[in-house]
Amino acid sequence: MGIKGLQGFVAGVCPDACRTIDLREMAEKHRIDHPDFPPVIVVDAMSCVRQWYTSESWVCGGQWREYLANLEDFIKAFTAAGIKLVFYFDGVVEDKKRDEWIKRRLQNTKEIARIFQFIKTHRKQPGRGMFVIPSALPTFTRFALKSLGQKTVCTLQEADCEVAAYGLQHNCMGILGQDSDYLIYNTCPYFSIEKLRLDRLVTVMYSREELCRVLGLSLAHLPLFACLLGNDVVPESMLEGFWHKCLVTSPHKNNSYNRRTNILLAVANYISKIPCSYSSLKRLEEMLPLGSDKTLLYRGVESYLLPGQQSPWIPPDLTNCQTFSLQQQTALCQDKEIFQLAKEQHIRSENYTIFNILSNGEIECSNSLEDDCDREIPGQALIYRPARQHIYSVLLESGKGGAYPLVKEWFVYFGNPLQQPELIQPIQPSVPGGTPNLKTLWFAKGPDMEKQRYSTFLACFHLQDWMEELQALEAPVAAFCCLLAYLMMQVSSLSLEDLNAFVAVILCLKGKTAAQLAGLQLAQVDPRAVHLVAVFVRGLTTLLMANSTCGFPFRMDDLMPWEMIDGKLFQEKYQLSHRGCSMEDLLEGNESLYATFQNLKSLICKVCLARKRTIQSRPRGNTFIRGTQQREFNPRFRQTHGSSFGPPYRNQMRGFQWRNPQPQGKK
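Residues numbered from 1 in each chain as written. Predicted model: local features only at pLDDT ≥ 70, side-chain atom pairs only at ≥ 80, totals over all residues. Heavy atoms only, no water.

1. Observations regarding the sheet that holds strand β6 (residues 190-192)
Here's step 1: Across the sheet, seven strands lie side by side as β1-β7-β6-β5-β2-β3-β4; this open sheet has mixed pairing. Every other strand in the sheet has two partners, leaving β1 (18-22) and β4 (151-154) as the edge strands with one partner each. Strand-to-strand, the axes of this sheet are offset by a mean angle of 30°, without reference to chain direction.
Here's step 2: In terms of strand pairing, strand β2 (residues 40-44) meets strand β3 (residues 84-89) through five bridges, oriented parallel. Bridge pairing in β3 places V42 opposite V86.
Here's step 3: Together, β2, β3, β4 and β5 (174-177) form the strand contacts of helix α7 (residues 159-169), whose direction differs from that of β3 by roughly 155°. (Pairing = 2+ DSSP bridges. Helix = DSSP H or I, 4+ residues; strand = E, 2+ residues; numbered from the N terminus. Axes fitted to C-alpha atoms, helices over the stretch in contact; angles between N-to-C directions. Contact = heavy atoms within 4.5 Å.)

Here you go:
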């Protein structure tokens, strides 16, 4: 989260702390000064994804091949300068950050509602001022960077702490990101991703020493300074009275500054006047309204200490650097071999979410670009929940009496206030011959075991009877068919036109370059097509989870969006399909695709028919959903203990009235 207002303070009040630097020159100097340490920049990837996504189109669901090319260009620019990159991603949402995570998710929901209203009104993508990253972009960025040969790390705790520690321990040239916490950690230099000019490898370096000079503090003061301004450990709400006291006594108050800037200066002035000792910290803890937890300040200061570091505010014998050693003792998974492998794969960014489930039985999913006014398509969180329940069952050994531990889900969807996690019951899938245990799936060898892994994967999506047909397809196409068949079975409003559009995309995508896709022009944007791509991409993350659980029957590279989907291309195919165009037009006149198109459609229709789901034609033409109000929440969406797969969602919102009806188009 960083410290509110600190980045702006540095830019506005401490311009000398913002030095424009040439990374090539800095790398050369690093080689001379540290001949045993090649120049390495550690990248806080989560604060960079917005900058990396430079494709003009973002609302249609992701220009994935363009994005992959962007990442490749980014890496090449640093490689050409002899600079190695190490990428870090958040692997957990820590309990201390949950409230902030929820707050941001609820805010994102409002922003997404405004985006859909804009699309319905103007039939085009909003300006960059309303930009949100495509659904699941951080997840697939991890796998993209791995596929491009980069060292990619998924963290076991807060990413900024691990980034700062890596930078210090490996004598890195610097940290690239956009998080003011890097001004507080006593680590290597901090470079701005927002100010980076990739063509010249020039950016801004923020100086902790210059910040300290302006504030009248030392580097040792900065962790306490951060805590007294409010951070992930010490909430701002506890500090208002303290800030008022500091403002009253501060000699630096300046009416030309905003209140936050004056608070920063006043808090720094206060800290500079007290002895740098543990007893001073204890007196502050007594003075502040910290409630029942009087150790908040102590824990806040300690959170900025990297391995091997000490602070004058904390006695050496009390320093307790954050470690991961206790996690195994409290984990849901008590098998050390499985736990260790899951942990190692998690750190290396090789699996997806399963370590979080095995360690603490908790999982979260952020916002997707879903239209809360569309009453026919339930939230992706609910669409894929039955599959997740089967995955949880495979992943978690049943306890005494065959009972499974419940999994805590924090998933964003309409009607979920996120006040507490939903407790989800694992449900055993129908695997031919019975569900193998996790140790067998992960460690056993041989062709029979490969079949078992594939069969278990399919059973998570109720497709175990179609193994022979799916295995005959190329791996990305087989995975695509798994996902599309599952979607068609689960959401009864999906039509033959939707099916045609999806199948046409994967076939036409194969021969297209990133540049060709970038040049594709759309006359208009359809909001339902935007929604469908977001649902599909979230389905790909469900495939990743099932694949990780079942011992990797697929290569992870075969489950990536750039193999299956493109936002603009889907818009084009969707609109053509719903206008009733011919198969020839849909497939761009490529006769070599006609038979494959019919075969894939036929397979998916047969799979659905076997489960009594007939896919019908429902052409929509240019009809858009124009509602401005959100749908009412249907409690039936919150079923968490259903047995096996429920029937497809059949317009479950029908009959519910719009909340607070307003005239059409009114904001």
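We are not done yet, so read on.
2. Focus: helix α1 (residues 6-13)
Here's step 1: Turning to α1, its buried residues number three or more, namely L6, Q7, F9 and V10. Summarising the axial view, the buried residues of α1 lie within an arc of 165°, below the 170-degree limit, and thus occupy one face.
Here's step 2: Close packing links the buried residues of α1 with β1, β6, β7 (202-206), α8 (208-215), α9 (222-229) and α11 (259-272). (Buried < 20%, exposed > 50% of the residue type's maximum accessible area, 1.4 Å probe, protein only. Arc of directions from axis to C-beta.)

3. Focus: the pairing of β7
Here's step 1: With five of its five residues buried, β7 lies for the most part within the structure.
Here's step 2: Bridge count between β1 and β7: five bridges; the pairing is antiparallel. Across the sheet, residue C18 finds its bridge partner in β7, namely Y206.
Here's step 3: Pairing analysis gives two bridges linking β6 to β7, with the strands arranged antiparallel. Its bridge partner lying in β7, F191 is registered against M205.

4. Regarding the sheet that holds strand β9 (residues 407-411)
Here's step 1: With mixed pairing, three strands are arranged side by side in an open sheet as β8-β9-β10. A single partner strand is all that each edge strand has here, and the edge strands are β8 (362-365) and β10 (422-424). Strand-to-strand twist in this sheet, taken as the mean axis angle between neighbours without regard to direction, amounts to 30°.
Here's step 2: In this sheet, β9 lies alongside β8 in parallel orientation, the contact comprising four bridges. By the bridge assignment for β9, E364 is matched with W410.
Here's step 3: Taken strand by strand, helix α18 (residues 385-395) contacts β8, β9 and β10, and its axis lies near 150° from that of β9.

5. Overview of the environment of D199
Here's step 1: Mapped onto the elements of the fold, D199 is located in the loop between β6 and β7.
Here's step 2: Of the residues examined, D199 reaches a relative accessible area of 53% and is grouped as exposed.
Here's step 3: Considered as a pair, D199 and D73 are 126 residues apart in the sequence and their alpha carbons are 9.8 Å apart.
Here's step 4: Separated by 2.9 Å, the side chains of D199 and R197 make a polar contact. (Polar contact = N/O pair within 3.5 Å; in protein donor to acceptor, adjacent residues only side chain to side chain.)

6. Comments concerning the domain arrangement of the chain
Here's step 1: The domains assigned to the chain are domain 1 (18-207) and domain 2 (218-305).
Here's step 2: The C-alpha-based centres of domain 1 and domain 2 are spaced at 29 Å.
Here's step 3: The interface is formed by nine residues belonging to domain 1 together with eight residues belonging to domain 2.
Here's step 4: In total, about 760 Å² of surface goes out of reach between domain 1 and domain 2, with carbon and sulfur atoms giving 58% of it.
Here's step 5: Three residues, K96, I184 and Y185, lead the burial of domain 1 against domain 2; their summed loss comes to 62% of the area buried on that side.
Here's step 6: Linking domain 1 with domain 2 are zero salt bridges.
Here's step 7: The interface formed by domain 1 and domain 2 includes one residue pair in polar contact (both at pLDDT 80 or more).
Here's step 8: Among the residues forming the side of domain 1 that touches domain 2, the class breakdown is four nonpolar, one polar and four charged. (Domains from an automatic or database assignment. Buried area = accessible area lost by both parts, 1.4 Å probe. Salt bridge = Lys/Arg side-chain N within 4 Å of Asp/Glu carboxyl O. Nonpolar A, V, L, I, M, F, W, Y, C, P; charged D, E, K, R; others polar.)

7. Re the nonpolar core
When a protein is soluble and globular, its nonpolar side chains tend to lie buried together.
Here's step 1: Of all hydrophobic cores here, the largest spans 154 residues; its most connected members are L23, I41, W52, F78, W442 and F570.
Here's step 2: For W52, the contacting residues outside a window of four places in its chain are V43, A45, Y67, N70, L71, F74, F87, T141, L145 and I193.
Here's step 3: If you look at the next biggest cluster of nonpolar residues, it comprises 67 residues, including C188, L229, C246 and I314. (Core = buried A, V, L, I, M, F, W, Y, C linked by side-chain atoms within 4.5 Å.)

8. Brief notes about the packing of aromatic side chains
Here's step 1: In the structure shown here, the tally under the stated rule is 23 aromatic pairs.
Here's step 2: Residues Y384 and Y486 carry aromatic rings whose centres are separated by 5.8 Å and whose planes lie at 15° to one another, so their mutual orientation is stacked. One end of the pair, Y384, is in the loop between α17 (380-383) and α18; the other, Y486, is in helix α22 (residues 475-490), and 102 residues separate them in sequence.
Here's step 3: We classify Y384 as buried; its relative accessible area is 0%.
Here's step 4: Residue Y486 is classed as buried on the basis of its relative accessible area of 0%. (Phe/Tyr/Trp six-rings, centres within 6.5 Å; stacked < 30°, edge-to-face > 60°.)

9. Describing the packing of helix α10 (residues 240-249) against α11
Relative placement of two packed helices is described by the angle separating their axes and the distance separating the axes.
Here's step 1: It is at 8 Å that the axes of α10 and α11 come closest, and there the two elements cross at 80°. Taken together, the axes of α10 and α11 are roughly perpendicular relative to one another. Contact with α10, carried on its side by E240, F242, W243, K245, C246, L247 and T249, involves R259, R260, N262, I263, A266, V267, N269 and Y270 of α11 and no other residues of that element.
Here's step 2: Class assignment of the residues belonging to the contact of α10 with α11 gives a composition of eight nonpolar, three polar and four charged. (Parallel < 35°, antiparallel > 145°, perpendicular 65-115°, else oblique.)

10. Thoughts on α9
Here's step 1: In terms of residue burial, α9 counts as a mostly covered element, since eight of its eight residues are buried.
Here's step 2: Residues of α9 that are buried sit in contact with α1, α8, α10, α11, α12 (278-287) and α13 (296-302).
Here's step 3: Where α9 ends, the next residue or the one after it, G230, has phi of about 100°, a positive value.

11. A closer look at the packing of helix α6 (residues 137-147) against helix α25 (residues 527-549)
Here's step 1: The N-to-C vectors of α6 and α25 enclose an angle of 55°; their axes lie 10 Å apart at closest approach. In terms of their interaxial angle, α6 and α25 are classed as oblique. Here α6 and α25 pass one another in a crossing that is left-handed. Touching T139, F140 and F143 of α6 are V537, L540, T541 and L544, all from α25.
Here's step 2: Counted by class, the contact of α6 with α25 contains five nonpolar, two polar and no charged residues. (Left-handed = near helix turned anticlockwise from the far one by under 90°.)

12. Regarding empty space enclosed by the protein
Here's step 1: Considering all chains together, one arrives at three cavities of 30 Å³ or more under this definition.
Here's step 2: Computed from the structure, the largest cavity encloses a volume of approximately 100 Å³.
Here's step 3: By residue class, the composition of the lining of the largest cavity is four nonpolar, three polar and five charged.
Here's step 4: Mapping the lining of the largest cavity onto the domain boundaries places at least three of its residues in each of domain 1 (18-207) and domain 2 (218-305).
Here's step 5: Taken as a whole, the second largest cavity encloses approximately 90 Å³ of empty space.
Here's step 6: In this structure, the second largest cavity is lined by Y352, I363, E364, C365, Q380, Y384, R388, F411, R538, T541, T542 and M545.
Here's step 7: The leading source of residues in the lining of the second largest cavity is α25, at four residues. (1 Å grid on protein atoms, 1.4 Å probe; cavity = no way out; pocket = protein on both sides within 12 Å on 5 of 7 lines; lining within 4 Å. Points joined across faces, edges and corners; volume = space filled by probe spheres on them.)

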